[in-house]
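Take a look at the letters that make up each chain.
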Amino acid sequence: MEKPNFKTGFGYDVHKFSSDRKLILGGVEIPYSFGLEGHSDADVLLHAVCDSILGAAGFSDIGNQFPNTDPDFKDISSLVLLKKSYELIKHEGWKIGNIDCVVILEEPKINKYSDDMKKNISEILETDFISIKATTSEGIGFVGRKEGCVAYCTSLIYK
């Protein structure tokens, strides 16, 4: 049986807020009184994108590729992790068809930063087909209580 020349991937990430961190989403620093807690810069959006493209290409997730027990990845920019993830799939002959993301948080409002986020992602992934949407959880759950942020991503890759 011939292998398909396209595949889809799905990524998800969540981090809780921390008072001693900067808020970085899509590689963009967003003014806010809290950042996201994590080993790297805790960019949930880019982590979801990484997992989406890695999974589509059959690689293990970013936690296995870039473990939080490795001091080399302490406070690393997730833009670097995205670049390394893309290099892995590109080496196998994959290209990005499109990326579709949702970021869920009550505040701050991030829509005015989405063009800069898209630019960061598209430069690394060599595609302009990037969608980033933002929504709230309508006050429900840990996101609704403003305890953290969630991101989802789907991707289409092809050879």
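Relevant structure appears above.
What you are looking at is a predicted structure, and each value in this text was computed from that prediction instead of being measured.

Rules and cut-offs
Residues numbered from 1 in each chain as written. Predicted model: local features only at pLDDT ≥ 70, side-chain atom pairs only at ≥ 80, totals over all residues. Heavy atoms only, no water. Core = buried A, V, L, I, M, F, W, Y, C linked by side-chain atoms within 4.5 Å. Buried < 20%, exposed > 50% of the residue type's maximum accessible area, 1.4 Å probe, protein only. Helix = DSSP H or I, 4+ residues; strand = E, 2+ residues; numbered from the N terminus. Contact = heavy atoms within 4.5 Å. Polar contact = N/O pair within 3.5 Å; in protein donor to acceptor, adjacent residues only side chain to side chain. Axes fitted to C-alpha atoms, helices over the stretch in contact; angles between N-to-C directions. Parallel < 35°, antiparallel > 145°, perpendicular 65-115°, else oblique. Left-handed = near helix turned anticlockwise from the far one by under 90°. Nonpolar A, V, L, I, M, F, W, Y, C, P; charged D, E, K, R; others polar. Expected span 1.5 Å × (residues − 1).

Would you mind showing me how to read the nonpolar core here?
Here is a general trend for soluble globular proteins: nonpolar side chains tend to be buried in one another's company. Grouped together as the largest cluster of nonpolar side chains are 43 residues, with contacts concentrated most on Leu25 and Leu125. Among the elements of the structure, strand 2 (23–25), strand 3 (28–30), helix 1 (44–56), helix 3 (78–91), strand 5 (95–104), helix 4 (114–125), strand 6 (130–135) and strand 7 (148–158) are those that each provide at least two residues to this core. At 9 residues, the largest contribution of residues to this core is made by helix 1. Apart from residues no more than four positions distant in its own chain, Leu25 is found in contact with Ile30, Leu36, Asp43, Val44, Leu45, Val103, Ile110, Met117 and Cys149.

Honestly, the environment of His15 in this entry has me stumped. Any pointers?
Here His15 is to be found in strand 1 (residues 6–18). Its relative accessible area of 15% is what places His15 among the buried residues. Between the C-alpha atoms of His15 and Asp61, which are 46 residues apart in sequence, the distance is 16 Å. Beyond its immediate chain neighbours, meaning those up to four positions away, His15 contacts Leu36, Glu37, Gly38, Ala42, Val44, His47, Gly148 and Cys149. Reaching out from His15, the side chain makes a polar contact with the backbone oxygen of Glu37 at a distance of 2.7 Å.

Just checking my understanding: could you explain the environment of Ser19 for this structure?
When you line up the elements, Ser19 lands in the loop between strand 1 and strand 2. Considered as a pair, Ser19 and Lys146 are 127 residues apart in the sequence and their alpha carbons are 12 Å apart. Beyond its immediate sequence surroundings of up to four residues, Ser19 is in contact with Ser33 and Phe34.

Explain unusual backbone geometry here, please?
Trans is the common state for peptide bonds, and a negative phi is the common state for residues other than glycine. Of the consecutive residues Glu107 and Pro108, the connecting peptide bond is found in the cis state with omega at 0 degrees. Despite not being glycine, Ala42 has its phi angle at roughly 65 degrees, a positive value. By the secondary structure assignment, Ala42 is in the loop between strand 4 (35–36) and helix 1. One non-glycine residue, Lys146, adopts positive backbone phi at about 65 degrees. Mapped onto the secondary structure, Lys146 falls in the loop between helix 5 (141–144) and strand 7.

Where do I start with the packing of helix 3 against helix 4 in this structure?
Each pair of packed helices can be summarised by the angle the axes make with each other and by the distance between the axes. Where helix 3 meets helix 4, the closest approach of the two axes is 9 Å, and the angle between their N-to-C directions is 30 degrees. As the angle between them shows, helix 3 and helix 4 are arranged roughly parallel. Here the hand of the crossing between helix 3 and helix 4 comes out right-handed. Where helix 3 approaches helix 4, its residues Leu79, Leu82, Lys83 and Tyr86 are matched on the opposing element by Asn120, Ile121, Ile124 and Leu125. Considered class by class, the residues forming the contact of helix 3 with helix 4 number 6 nonpolar, 1 polar and 1 charged.

Got a minute to help me understand helix 4 in this structure?
Each α-helix turn comprises 3.6 residues. Residues three or four places apart therefore point the same way. In this model, helix 4 (12 residues) spans 16 Å end to end at C-alpha, consistent with the 16 Å of a helix rising 1.5 Å per residue. Here helix 4 has its buried residues at Ser114, Met117, Asn120, Ile121, Ser122, Ile124 and Leu125. Tucked inside the fold, the buried residues of helix 4 contact strand 2, strand 3, helix 1, helix 3, strand 5 and strand 6. Positioned one or two residues after helix 4, Glu126 has a phi angle of 55 degrees, which is positive.

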